[in-house]
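Residue-level structural notes
Chain by chain, the residues:
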Amino acid sequence: MSFKDEYISEIVKNVKERNFPEDYIHEPADSIEIKIITGTELFMYRKDELTNLVIDGQSLPFDDPYIAKYYYFCSLQRKESVMVPDKETVRKVIKRFERDLDEDRNLAYSIMNNLSEEEKKSIMIELGNISTFFFILFYDIIMD
């Protein structure tokens, strides 16, 4: 087993993979089903009162930044369609998911703390190939 495989195994063992949004919506809620556009390059920006999500050059305007983030995370997971609950539930789900991502990222970084930036990025790319959760966790670094 290479040193890289050991770090990957340690991170996979210690970081709980999550399925977004299913692992975060526990109460029954009024939901609507929406189609999701997926792509390889995603980013968001604010302009005027809108949050714009850009997927491979196609801009999608949202009047609620939490709904935009919800769509963003679903798109990163390559979902074709998803159920979207009411706005208040979406806000709670996004806040919890982002908090969990921060904790998971910090845990992964602590496991890799003695590695060079190049070695860390290589491990993150391999983890991103293992699952969409790890792809989301390290998206900014993988796509850099």
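The structure under discussion appears in the preceding block.
Residues numbered from 1 in each chain as written. Predicted model: local features only at pLDDT ≥ 70, side-chain atom pairs only at ≥ 80, totals over all residues. Heavy atoms only, no water.

On inspection of all chains with the given rule, the structure shows 13 aromatic pairs. Here the aromatic rings of Y24 and F97 are separated by 5.3 Å at their centres, their planes lie at 80 degrees, and the arrangement is edge-to-face. Taken together, the residues span a long stretch of sequence, with Y24 in the loop between α1 (3–14) and β1 (32–35) and F97 in helix α3 (residues 87–111) at a distance of 73 residues. Comparing Y24 with F97, the two get one shared label, buried. Ring centres of Y72 and F73 lie 5.3 Å apart, and the angle between their planes is 65 degrees; on these two criteria the pair is classed as edge-to-face. On the basis of relative accessible area, Y72 is assigned to the buried category, the value being 11%. An aromatic cluster is defined as three or more aromatic residues linked by ring pairs; in this entry it consists of F20, Y24, Y70, Y72, F73, F97, F135 and Y139. (Phe/Tyr/Trp six-rings, centres within 6.5 Å; stacked < 30°, edge-to-face > 60°. Helix = DSSP H or I, 4+ residues; strand = E, 2+ residues; numbered from the N terminus. Buried < 20%, exposed > 50% of the residue type's maximum accessible area, 1.4 Å probe, protein only.)

To continue, consider unusual backbone geometry. Peptide bonds are trans in most cases, and residues, glycine excluded, mostly fall at negative phi. With omega at 0 degrees, the peptide bond leading from F20 into P21 counts as cis. For D48, which is not a glycine, the phi torsion comes out positive at approximately 55 degrees. Mapped onto the elements of the fold, D48 is located in the loop between β2 (42–47) and β3 (50–55). At R78, a position not held by glycine, the phi torsion is positive, near 65 degrees. Along the chain, the position of R78 falls in the loop between α2 (65–76) and β5 (81–84).

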